[in-house]
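Coordinate analysis (summary)
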Amino acid sequence: MENDHDMTPPPSTRRDSDVRMRGFASRALVAEALAWVDAQAQPLEREIALLDAACGRVLAAELVAGIDVPGFDRAAMDGYALRAAETTGAGEYNPLAFRLVGESLPGRPFDRDVDPGEAVRIMTGAPLPNGTDAVVPAEYASERSSTVDHHSSSITPRLSTFNPRPSSSVEITAPVSPGKHVGRRGEDIAAGARLLAAGRRLRPQDIGLAASVGLDRLEVVRPPRVRLLATGNELAVPGGPRGPHEIYDSNTSMLAALVERDGGGVVERLRVEDSRDAVRAALLAAGADVVLVSGGSSVGAEDHAPSLVAELGKLAIHGVAMRPSSPTGMGRLGEALVFLLPGNPVSCLCAYDFFAGRAIRRMGGRSADWPYPRIEAEVGRKIVSAIGRVDYCRVALREGKVEPLAVAGASILSSTTRADGFVIVPEEREGHAPGSRVTVLLYDAGL
Ligand code: AMP
Ligand code: MG
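Note that residues are indexed from 1 along each chain, following the sequence as it is written. Each chain takes a letter, starting from A, and each ligand takes a number, starting from 1, following the order in which they are written. Since the coordinates come from a predicted model, pLDDT governs what is reported: local features require at least 70, and pairs of side-chain atoms require 80 or more to be given and counted, while whole-chain, interface and lining totals use all residues. The side-chain numbers reported here are obtained from all heavy atoms of the structure, hydrogens and water having been left aside.

Before going further, it helps to spend a moment on the pattern of salt bridges. Definition used for salt bridges: Asp or Glu carboxyl oxygen within 4 Å of a side-chain nitrogen of Lys or Arg. Under the definition given, this model contains 31 salt bridges. Here Arg99 makes a salt bridge to Glu118, at a shortest N to O gap of 3.7 Å. Here the residue Arg99 occupies a position in strand S5 (residues 96-104), and Glu118 occupies one in strand S6 (residues 118-122), the gap between them amounting to 19 residues. For every residue, the accessible area obtained with a 1.4 Å probe (protein chains only) is divided by the maximum for its type, and the residue is called buried under 20%, exposed over 50%, and partly exposed between those limits. Using a relative accessible area of 41% as the deciding quantity, one classes Arg99 as partly exposed. Arg222 is paired through a salt bridge with Asp289; the nearest N and O atoms lie 2.9 Å apart. One end of the pair, Arg222, is in the loop between strand S12 (217-221) and strand S13 (225-231); the other, Asp289, is in the loop between helix H4 (276-284) and strand S17 (290-294), and 67 residues separate them in sequence. For the pair Arg222 and Asp289, one class covers both residues: buried. Bridged by salt links that share partners, the residues Glu45, Arg222, Arg225 and Asp289 form one connected network. Helix numbers and strand numbers start at the N terminus; a helix is a DSSP run of H or I with at least 4 residues, a strand a run of E with at least 2.

Structure, rendered in structure tokens:
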């Protein structure tokens, strides 16, 4: 079995992709594997998502507004609707009186036209009555009543019922211009406006926007269904007992979290022993767009998955010129894409992130790019690599400088939890010298 984190020089790369069980005498370039992923992984068909379940999903079709929002001119403040032109000259020492003829409440409009010299008490969100074109805020108005003076100073509570007396009036102490404190019909959204582009990853406010134009569902890209298949006689299930020579399966939980992050849906988690029949049966199960196999991806006697994929479908790539994760494979099983991820957890993470995650993101309509924020930083301690392979080097940021982690074997998963992120060293470089600047992909956006 090939050791996934050995330090031997990389073998030559090859361009043909047919695979025989000949060990990794040659490996595909990372760029070739990425090109294969991009050619194979296309956005899935659309489906309908209820609004309540659509946040984070990817919009499949441009969203165009069917209605104006708001659908009518409305008050933007509590106050009095009137004709702006009639307020010219109003001031604290020159209050202008208007006949108070009624009230407009949200959802309960004033039901006739307003004549010159009249005003209507209005609440924020209420329709502006016909004939009026502005709102004087309540603080520049005082109601007067010739009989009972219960509306004397300012606006009454929202739930009051209004019984206008012929003698009710309101005095205005500030002028307003036409349109003042009025929300115009369509000022938020005009019917026909393009609201959200296809491919948009829906934010909470997008969900609100869709609701504001009256929608309760959206067309989204169907998320890829992913089956996880962990192979290994030595695997124990977290939460359960563990034999003396067993290890807990960390890859299944990690992969499930990665798939979810990338917008896929895990439909099944299988753990199978290293038997050809068991792996075959698990590979053949239907109902997944992507199958992620962890462990048994190399060229050893117990590594059944590669030859089974070649036998049952197509093994397009087996062995990639990178470290870790060189025993990575990928291919097709019928309609499903299958990724063979090495069992060593760091390799599993790395191979997922380079290839499988990219496929899942693309199928779900997301960007293929790394889902990690990038920063530029100076190398503090030498980052070692070798020409001919891509290195995924876990690094810590210490006083703003990039330092490779001392323990970085592919089996040391804790190296990825201690790391702040990673640096990808391309094939043509031997590494990065102290003082040079590199791009760090951060595991956590919070740094
Ligand atoms: P393999 O790729 O199957 O040759 O496994 C390489 C190494 O990864 C071995 O030490 C395995 O025990 C370990 N390994 C395989 N699968 C898992 C897993 N699901 N969780 C944690 N370690 C694993
Ligand atoms: Mg194994």
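We now examine the nonpolar core. The nonpolar core is taken to be a set of buried Ala, Val, Leu, Ile, Met, Phe, Trp, Tyr and Cys residues, with the residues joined through side-chain atoms within 4.5 Å. In terms of nonpolar packing, the biggest core is built from 45 residues, with Leu292, Phe339, Tyr352, Phe354 and Phe355 touching the most fellow members. If you list the elements that add at least two residues to this core, you get helix H1 (30-40), S13, helix H3 (251-261), S17, strand S18 (314-318), strand S21 (336-341), helix H6 (345-363) and strand S24 (390-398). Per-element accounting of this core gives the leading share, 12 residues, to H6. Here, residues are in contact when the closest pair of their heavy atoms is within 4.5 Å. The residues touching Phe339, leaving out its near neighbours within four places in the chain, are Trp36, Val37, Val290, Val291, Leu292, Val293, Gly329, Met330, Phe355, Ala356 and Ala359.

An α-helical turn contains 3.6 residues, so any two residues separated by three or four positions project in the same direction. By the burial criterion, the buried members of helix H2 (residues 204-212) are Asp206, Ile207 and Ala210. Seen from one end, H2 has its buried residues packed into an arc of 105°, which puts them on one side. Directions are taken from the helix axis to each C-beta atom, and the arc is the one they span.

Two aromatic rings from Phe, Tyr or Trp, using only the six-membered ring of Trp, form a pair when their centres are within 6.5 Å; if the ring planes differ by under 30 degrees the pair is stacked, by over 60 it is edge-to-face, and anything between is tilted. Using the criterion set out here, one finds 10 aromatic pairs in the structure. Aromatic pair Phe354 and Trp370: ring centres 4.9 Å apart, planes at 85°, arrangement edge-to-face. Of this pair, Phe354 sits in helix H6 while Trp370 is found in the loop between H6 and strand S22 (374-379), placing the two residues 16 residues apart along the sequence. In this structure, Phe354 and Trp370 share a single accessibility class: buried. Considering the side-chain rings of Phe422 and Tyr443, the 5.5 Å spacing of their centres and the 45° angle between planes classify their relative orientation as tilted. Placement of the pair is Phe422 in strand S26 (residues 421-425) and Tyr443 in the segment after strand S28 (437-442), with a sequence separation of 21 residues. Phe422 sits in the buried class, given a relative accessible area of 0%. Through a chain of ring-to-ring contacts, the aromatic side chains of Phe354, Phe355, Trp370, Tyr372, Tyr392, Phe422 and Tyr443 assemble into a single cluster.

Let's shift gears to the sheet that holds strand S16 (residues 265-272). Reading across from one edge, S16-S13-S17-S21-S20-S18 is the order of the 6 strands in this open sheet, with mixed pairing throughout. Edge positions in the open sheet fall to S16 and S18, since each of these has one partner strand only. For this sheet, the mean angle separating the axes of adjacent strands, direction not counted, is 20°. The rule for pairing is simple: two strands pair if DSSP sees at least two bridges between them. Note that S13 and S16 share 7 bridges and pair parallel. Each bridged residue has a counterpart across the sheet, and for Arg225 the counterpart in S16 is Gly265. Where H4 meets the sheet, it contacts S13, S16, S17, strand S20 (329-333) and S21, and its direction lies at approximately 175° from that of S13. Axis definition: a line fit to C-alpha positions, over the contact stretch in the case of helices; interaxial angles, taken between N-to-C directions, run 0 to 180 degrees. With respect to the sheet, helix H5 (residues 305-312) is in contact with S17, S18, S20 and S21, its orientation differing from that of S18 by roughly 140°.

Turning next to the side chain of Glu403. Along the chain, Glu403 falls in strand S25 (residues 401-404). Owing to a relative accessible area of 18%, Glu403 belongs among the buried residues under this scheme. Residues adjacent in sequence count toward polar contacts only when both atoms are side-chain atoms; beyond that, a polar contact is any pair of N or O atoms within 3.5 Å, and within protein one must be able to donate a hydrogen and the other to accept it. There is a polar contact of 3.2 Å between the side chain of Glu403 and the side chain of Arg398. Those residues in contact with Glu403, other than ones at most four positions away along the chain, are Gly380, Arg381, Arg394, Val395, Ala396 and Arg398.

Turning next to the confidence of the model for the protein chain. The pLDDT score gives, residue by residue, the confidence of the prediction method on a 0 to 100 scale. For the protein chain, per-residue confidence averages 91 on the pLDDT scale, and residues scoring 70 or more make up 89% of the total. Under a pLDDT of 50 for its full length, residues 5-21 has, in the predicted model, 36 contacts with residues more than four places off or in other chains. Scored below 50 in pLDDT, residues 148-160 shows 29 contacts in the model against residues more than four places distant or in partner chains.

So, on to the sheet that holds strand S4 (residues 79-82). Backbone-to-backbone hydrogen bonds join strands into a sheet, with any given pair of strands oriented parallel or antiparallel. Spatial strand order, S7-S4-S6-S5-S9-S8: 6 strands in an open sheet with mixed pairing. The strands lining the two open edges of the sheet, one partner per strand, are strand S7 (134-137) and strand S8 (141-144). On average, each strand axis in the sheet is inclined to that of its neighbour by 40°, with strand direction left out of account. Examined bridge by bridge, S8 and strand S9 (residues 169-172) share 4 bridges and lie antiparallel to one another. Each residue of the ladder has a partner; that of Arg144, found in S9, is Ser169.

Attention now moves to the state of the cysteines. Between two cysteines, a covalent bond joining their sulfur atoms is known as a disulfide. By disulfide we mean two sulfur atoms from cysteines, separated by a distance within 2.5 Å. One pass over the structure, following the stated rule, counts 0 disulfides. As a non-bridged cysteine, Cys350 has Cys348 as the owner of its nearest cysteine sulfur, 9.9 Å distant. Judged by its relative accessible area of 0%, Cys350 is buried.

A few words on H1. Those residues of H1 that fall on the buried side of the exposure criterion are Val30, Glu32, Ala33, Trp36 and Val37. For H1, the arc enclosing every buried residue in end-on projection is 165°, short of the 170-degree limit, so these residues lie on one face. The elements touched by buried residues of H1 are S18, strand S19 (322-323), S20, S21, H6 and S24.

Time to look at unusual backbone geometry. Across the junction of Val69 and Pro70, the peptide omega takes the value -5°, indicating a cis bond. For Pro70, the position within the fold is in the loop between strand S2 (63-64) and strand S3 (74-75). Here the bond from Arg323 into Pro324 is cis, since omega is -5°, no more than 30 degrees from zero. Note on placement: Pro324 falls in the loop between S19 and S20. The phi dihedral of His181 is positive, around 60°, even though this residue is not glycine. For His181, the location among the structural elements is in the loop between S9 and strand S10 (182-183). By relative accessible area, His181 is classed as partly exposed at 23%. Despite not being glycine, Ser325 has its phi angle at roughly 85°, a positive value. If you trace the backbone, Ser325 turns up in the loop between S19 and S20.

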